[in-house]
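This is what each chain is made of:
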Amino acid sequence: MVRSGVDASPIVLGLDSRPLVGYVWQPDLPIGLARRPYLHPVRTFAGTVVTDLMPRSHRHHLGISIALPDVGGKNFWGGRTFVAGQGPVWLDNHGIQRHERWLQRAPAAVSHTVGWLAPDGTLLLREVRTIACRPVSTTAWALDLSFRLDNASAEPLVLRSPANQGRAGAGYAGFFWRAPVPSRPPRVFGAGGQGVRAVHGAPAEWMAVSAGTAGQSPGEPERDWSLIFVAADEATRADRWFVRARDHLAVGSSLTWDQPLTLAPGEGLARNIVTIVADGIVAPDEAAALVSVIRAG
């Protein structure tokens, strides 16, 4: 819980006094959205917003968040729960993520502990989350997001996605970025090839989307932007990418795809995704060059 007297308003992170990220660390949301901290808006250097919040079709998509559809039977994703043999069902099983304490608060970086609580208040997971902005080039910067999840309960915890319960391809579980609605079909590519089919469901060091969105005021021209998602450590590189680009644009890095993942009491996992946020349309060779900058540290 946040101590009395502590300002609970969203935090703004940036570089060189330029605001780039809004972090809502103590949201006031309906329980059916699986209340959790989220990042929105996230902007390019030119000010283009590259996240979406609670779109009409998926109210539980909250900009960028760490979310899991099934933690020991509890829904930390929001919306309906996928039940094997039945499909998506509304259940009274939504957990919440609650800020516990700050470890760091700086203009370009924050770190804090987050408790994942079952509907009855039982602590299931304890997370350490770090978010930092890093310079990359004159037209691009990087959002460095790392997290560690530890089983804080006395029993084994099984983590599942709909993909390992019978919904083919629905491997969303973990890091998730909901992008704004593109004004034209987005381009999807990565280290493994071109197009959604080459990227979705496959592990790779990096993947990218390039798109455009309508101007933010009447008469303003379309704004182009690119996101390059980099799996920044060995464990994250082994995870599969989730990509949705048909009716909306979203990217995730999946903790559990074909098989459930079980954490013993006290056991944990850690992941690190660095997302390059760039103005303009970035070609595959340009994306690979920017990834090299991230790799070099």
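Residues numbered from 1 in each chain as written. Predicted model: local features only at pLDDT ≥ 70, side-chain atom pairs only at ≥ 80, totals over all residues. Heavy atoms only, no water.

J.: What should I look at first to understand the environment of P135 in this one?
T.: Structurally, P135 is set in strand β10 (residues 123-135). Owing to a relative accessible area of 64%, P135 belongs among the exposed residues under this scheme. In the structure, P135 is positioned 105 residues away from R240 in sequence and 27 Å away in space, judged by C-alpha atoms. Leave out the neighbours within four places in its chain, and P135 touches L15 and A140. (Helix = DSSP H or I, 4+ residues; strand = E, 2+ residues; numbered from the N terminus. Buried < 20%, exposed > 50% of the residue type's maximum accessible area, 1.4 Å probe, protein only. Contact = heavy atoms within 4.5 Å.)

J.: Teacher, can you tell me more about the nonpolar core here?
T.: Proteins that are soluble and globular tend to have nonpolar side chains buried together. By size, the foremost hydrophobic cluster in this structure holds 55 residues, and its most contacted members are W141 and W177. In terms of residue count, strand β11 (residues 140-151) provides more of this core than any other element does, five residues in total. With 16 residues, the next largest nonpolar core counts F189, A278, V291 and I294 among its residues. (Core = buried A, V, L, I, M, F, W, Y, C linked by side-chain atoms within 4.5 Å.)

J.: What should I look at first to understand the sheet that holds strand β17 (residues 223-231) in this one?
T.: The pairing of strands in a sheet comes from backbone hydrogen bonds and takes either a parallel or an antiparallel form. Read across the open sheet, the nine strands follow the order β8-β9-β10-β11-β21-β17-β16-β14-β15; overall the sheet is antiparallel. In this open sheet, the two strands that pair with only one neighbour each are β8 (96-106) and β15 (193-194). Here four bridges tie strand β14 (residues 187-190) to strand β16 (residues 206-213), and the two strands are oriented antiparallel to one another. Along β16, the bridge assignment pairs G190 with M207. Each of β10, β11, β14, β15, β16, β17 and β21 (268-279) touches helix α3 (residues 284-295); the most contacted strand, β17, lies at about 50° to it. (Pairing = 2+ DSSP bridges. Axes fitted to C-alpha atoms, helices over the stretch in contact; angles between N-to-C directions.)

J.: Explanation requested: the pattern of salt bridges in the structure shown.
T.: When the charged atoms of two side chains lie near each other, side chains of opposite charge can form a pair. Inspection of every chain in the model, using the stated rule, returns 10 salt bridges. Between E222 and R184 there is a salt bridge, and its shortest N-O distance comes to 2.3 Å. With E222 in the loop between β16 and β17 and R184 in the loop between β13 (174-178) and β14, the pair connects residues that are 38 residues apart, well separated along the chain. We classify E222 as partly exposed; its relative accessible area is 42%. Between D258 and R240 there is a salt bridge, with the nearest N and O atoms lying 2.7 Å from each other. (Salt bridge = Lys/Arg side-chain N within 4 Å of Asp/Glu carboxyl O.)

J.: Explain α3 to me, please; I cannot follow it from the model alone.
T.: An α-helical turn contains 3.6 residues, so any two residues separated by three or four positions project in the same direction. The terminal C-alpha atoms of α3, which comprises 12 residues, lie 16 Å apart, in line with the 16 Å expected from a rise of 1.5 Å per residue. Of the positions making up α3, those classed as buried are A287, L290, V291 and I294. The buried residues of α3 occupy an angular sector of 105° when projected down its axis, which confines them to one face. Structural note: α3 exposes D285 and R295 on the side pointing more than 90 degrees away from its buried face. As for α3, its buried residues are in contact with β10, β11, β14, β16, β17 and β21. Taken from the residues just after α3, G297 is the one with a positive phi, measuring 90°. (Expected span 1.5 Å × (residues − 1). Arc of directions from axis to C-beta.)

J.: Teacher, can you tell me more about the packing of aromatic side chains here?
T.: Two aromatic rings are characterised by how far apart their centres lie and by the angle between their planes. Summed over the entire model, instances satisfying the criterion amount to 10 aromatic pairs. Taken together, a centroid distance of 5.0 Å and an interplanar angle of 70° make the contact between W25 and W102 edge-to-face. Of the two residues, W25 is situated in the loop between β2 (18-24) and β3 (38-42) and W102 in strand β8; the sequence distance between them amounts to 77 residues. With a centroid separation of 5.2 Å and 45° between ring planes, the pair formed by F76 and W116 is classed as tilted. Taken together, the positions of F76 in strand β5 (residues 74-76) and W116 in strand β9 (residues 109-117) put the pair 40 residues apart, joining distant regions of the chain. Taken together, the ring pairs connect W77, Y172, F176 and F242 into an aromatic cluster. Taking NZ or CZ as reference, R18 lies 3.9 Å from the ring centre of F45, over its face. Between R187 and the ring centre of F189, over which it is positioned, the NZ or CZ distance is 5.4 Å. (Phe/Tyr/Trp six-rings, centres within 6.5 Å; stacked < 30°, edge-to-face > 60°. Lys NZ or Arg CZ within 6 Å of the ring centre and 35° of its normal.)

J.: Which parts of the structure should I look at to understand the confidence of the model for the protein chain?
T.: If pLDDT is low for a region, its predicted coordinates should not be looked at in detail. Scored by pLDDT, the protein chain has a mean of 95; 98% of the residues are at 70 or more. For residues 1-5, every residue scores under 50 in pLDDT, and the model assigns this stretch six contacts once sequence neighbours within four places are set aside. (pLDDT = per-residue confidence, 0-100.)

J.: Honestly, unusual backbone geometry in this entry has me stumped. Any pointers?
T.: Where the residue is not glycine, phi is negative for most of them; where a peptide bond is considered, it is trans in most cases. For the bond running from H40 to P41, omega is -5°, close enough to zero to count as cis. Backbone geometry at D16 places phi at a positive 50°, although glycine is not the residue there. Although it is not a glycine, S17 sits at a positive phi angle of roughly 70°. Position of S17 among the secondary structure elements: in the loop between β1 (11-15) and β2.

J.: Looking at this structure, I do not really get the environment of R35. What am I missing?
T.: Locating R35 in the fold gives a position in the loop between β2 and β3. Beyond its immediate stretch of four places on either side in the chain, R35 contacts P27, L29, P30, G95, I96 and Q97. Of note is the side chain of R35, whose polar atom sits 2.8 Å from the backbone oxygen of L29. (Polar contact = N/O pair within 3.5 Å; in protein donor to acceptor, adjacent residues only side chain to side chain.)

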